[in-house]
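The primary structure of each chain is shown beneath.
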Amino acid sequence: MTKRTSAEERDYLAAKGIHTLCVSTYTDDLAALDAKVKQLRAAGFRRASRSSLIRAAVKAFDVNGYRGE
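Residues numbered from 1 in each chain as written. Predicted model: local features only at pLDDT ≥ 70, side-chain atom pairs only at ≥ 80, totals over all residues. Heavy atoms only, no water.

## Examining the packing of aromatic side chains
Describing an aromatic ring pair means giving the distance of the ring centres and the angle of the ring planes.
(1) Moving on: Throughout the structure, instances matching the rule amount to 1 aromatic pair.
(2) Moving on: In this structure, Arg 4 packs its charged tip against the face of Tyr 12, placed 3.9 Å from the ring centre. (Phe/Tyr/Trp six-rings, centres within 6.5 Å; stacked < 30°, edge-to-face > 60°. Lys NZ or Arg CZ within 6 Å of the ring centre and 35° of its normal.)

## Remarks on helix 2 (residues 27-42)
(1) Moving on: Here helix 2 spans 22 Å end to end across 16 residues, near enough to the 22 Å set by a 1.5 Å rise per residue.
(2) Moving on: Gly 44 sits one or two residues past helix 2 and shows a positive phi near 105 degrees. (Helix = DSSP H or I, 4+ residues; strand = E, 2+ residues; numbered from the N terminus. Expected span 1.5 Å × (residues − 1).)

## Let's talk about the confidence of the model for the chain
(1) Moving on: A residue-level look at the chain finds 99% of positions with pLDDT of 70 or above and a mean pLDDT of 92.
(2) Moving on: The spread of mean pLDDT over the elements of the chain runs between helix 1 (residues 6-15), the lowest at 90, and helix 2, the highest at 97. (pLDDT = per-residue confidence, 0-100.)

Now the structure itself:
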């Protein structure tokens, strides 16, 4: 098996519907996210990850209830 170049890897993942997203966040927010992932894993959700938690939050987000930060 040959190793894919970064461009090939990006194209391969994109074809599967997976894209890389880079965001900036505060240290405390990241620590809270990691703590929630740890809680989920302790509860038996072995595949819990930052990505899965962010996806769940986006799905649950109510645009109409948003009041800003």
